[in-house]
Amino acid sequence: MNQEITVMYEKMRARLEKVVPDVELRYKAELAVEINALKKEKNAVILGHNYMEPALYYSIPDFVGDSLELSRKAAQTDKDMIVFCGVKFMAETAKILNPTKTVLLPSERAGCSLAASITAEDVRSLREQYPGVPVVTYVNTYADVKAESDICCTSGNAVAVVNSLESDAIIFLPDEYLASNVAHETGRQIIFPPTPLPSPSGRGAGGEGEKVLIGWRGRCEVHEKFTVQDITTVRAQFPEVAILAHPECSPEVTNASDFSGSTGAMIKYVRQTAAPQYLLLTECAMGDNIAAENPEKDMLRLCMVRCPHMNTITMEDTLNALKYNRYVIEVPEDIRLRAERAVQRMIGIG
Ligand code: 13P
Ligand code: SF4
C-alpha cells in the first residue's frame, strides 16, 4: 500500500472495523484515494445521503446529511461540479439550485418509488379539482412536479412548511403516509381525492373552517414495509429499546415508535440519548453508519428491507462518474426556474 492509501485505510478502519470486513476496507481505501484525487482535480464536491453504505459514507463525501441538509449544501457550494451520492430527485434538486454547474449522479438506476408515483399532469388536475388550494410537494419528486408546486418540503421541515401556510386546505404530495403523519402533527384532517373540500355550510369532509391536508396515494417502497408487528416483536425481546421511525412509515408505525423524524433527526436522537438499544425503521445502511459513529451504543437492525435505489450508488460508480463525467443531470430551463422558486421557498423556511 502506498502512504496515502495506508492513511485512508487506517482512518476508515478506526471508524468501521466492527462494521465492514477488513478485506473490503482495504479495497475501498484504494478506491477512496483515487476518487478523492479526481474530485480535487475536477474541483468537485461530493454530497452523500445518510443512506450510503458505510465505507462510502465515511471516506469520500465532503458533506453527508438528510435531504434538507444536502439541499442547503448544494445551494452554498462554490465548486464547479457536484457529485450526488443519493438518488435522482436529490441530484435534480442540486441542479435546480446550480444551473451553471455540472451535477453528476453515479447511477442511472437511482430512482425512488415516491418520485415515480406522481406526474406534473397529476398536479395540474389536482389544482383544477381544488382551485386556489396551495400545493406542497415533498422533495422526493422530479423537477417537473416541483415546478407545478408552490413550495417544497422534506421530512425535516414538512410540519414547519405546512404551518407557514395560512390556507385551511393544503394539497400535500405525494407520500400518503408522510401526509397522514404531518396532518396528525399539525392538527389537520387528511382527505384523499376525489373527496371534496368542506363546504362553507359545514358539509363535505370535516366541517366549516376545518383544516385539511389533501394527500396522494404514493408510498415509499421501503418504509411501507415496516409494521406494528415488527415493533411488538422487538419490544418483547428488548423492552427498553428506543424505536425510531422515519415519517414515511405508516401512522400506526410512527405512533407505536418512540421517535419519528428525518434521517438527520434520527442520527441526532441517537447521539443525544442513552437507551440500552436502538432500532431504526429506515434503510438499514443508516444503522451501520450510526453504529460506526456510536460504538458504545447497541444498534439493532431490520435489514430485510432495503432501498434498491440508494443501493445502486457504489464507490466504483462514483469513481466512474468522475472519470467519465456521468451521469449528467439536466433540467429544462423553464421547468428549472419554476421548480427553483418552490425549492428556495422551502430553504427560506428552514
Ligand atoms: P430524509 O430527508 O429524511 O433524508 O429522507 C430521504 C428519503 O428518501 C427517505 O427515504
Ligand atoms: Fe425513495 Fe424510499 Fe428509497 Fe427514500 S427509501 S429513496 S423514499 S424509495
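Residues numbered from 1 in each chain as written. Chains lettered and ligands numbered in written order. Predicted model: local features only at pLDDT ≥ 70, side-chain atom pairs only at ≥ 80, totals over all residues. Heavy atoms only, no water.

## Here we look at the site of ligand 1
Near ligand 1, the surroundings consist of His49, Tyr51, Asp66, Ser67, Asn140, Ser155, His223, His246, Glu248, Ser262 and Thr263. One nitrogen or oxygen atom from the side chain of His49 is found 2.7 Å from an oxygen atom belonging to ligand 1. At 2.6 Å, a side-chain N or O of Ser67 approaches an oxygen atom of ligand 1. Notes on ligand 1: free accessible area 300 Å², of which the protein chains cover 96%. The residue inventory of the shell around ligand 1, partitioned by class, reads one nonpolar, eight polar and two charged. (Near = heavy atom within 4 Å. Polar contact = N/O pair within 3.5 Å; in protein donor to acceptor, adjacent residues only side chain to side chain. Areas by Shrake-Rupley, 256 points an atom, 1.4 Å probe, with all protein chains shown as cover. Nonpolar A, V, L, I, M, F, W, Y, C, P; charged D, E, K, R; others polar.)

## Some words on the confidence of the model for the chain
Segments scoring low in pLDDT should not have their predicted coordinates read at a detailed level. Of the residues in the chain, 97% have a pLDDT of 70 or more, and the chain-wide mean is 95. Here residues 201–207 is a poorly scored stretch, pLDDT under 50, and it has 14 contacts once near neighbours within four places are set aside; other chains count. (pLDDT = per-residue confidence, 0-100. Contact = heavy atoms within 4.5 Å.)

## A word on the state of the cysteines
One pass over the full model with this rule turns up one disulfide. Disulfide pairing is shown between Cys284 and Cys303; the S-S distance is 1.7 Å. With Cys284 in the loop between β12 (278–281) and α13 (285–293) and Cys303 in the loop between β13 (299–300) and α14 (315–324), this pair connects stretches of sequence that are 19 residues apart. Its relative accessible area of 5% is what places Cys284 among the buried residues. Cysteine Cys152 is unpaired, with the sulfur of Cys153 as its nearest cysteine sulfur at 7.5 Å. Of all cysteine sulfurs, the one in Cys220 lies closest to Cys249, which takes part in no disulfide; the gap is 8.0 Å. (Disulfide = S-S within 2.5 Å. Helix = DSSP H or I, 4+ residues; strand = E, 2+ residues; numbered from the N terminus. Buried < 20%, exposed > 50% of the residue type's maximum accessible area, 1.4 Å probe, protein only.)

## Thoughts on the pairing of β12
Burial along β12 is two-sided: Tyr278 and Leu280 facing one way and Leu279 and Leu281 facing the other are all buried. Both strand β10 (residues 242–245) and β12 contribute to a ladder of four bridges, which runs parallel. The residue bridging Leu244 from the neighbouring strand is Leu280, located in β12. Relative to β13, β12 is paired through two bridges, and the arrangement is parallel. Bridging from a neighbouring strand, Tyr278 pairs with Met299 of β13. With α13 bridging β12 and the parallel β13, this β-α-β connection has right-handed handedness. (Pairing = 2+ DSSP bridges. Right-handed = clockwise from strand over helix to strand, strands pointing away.)

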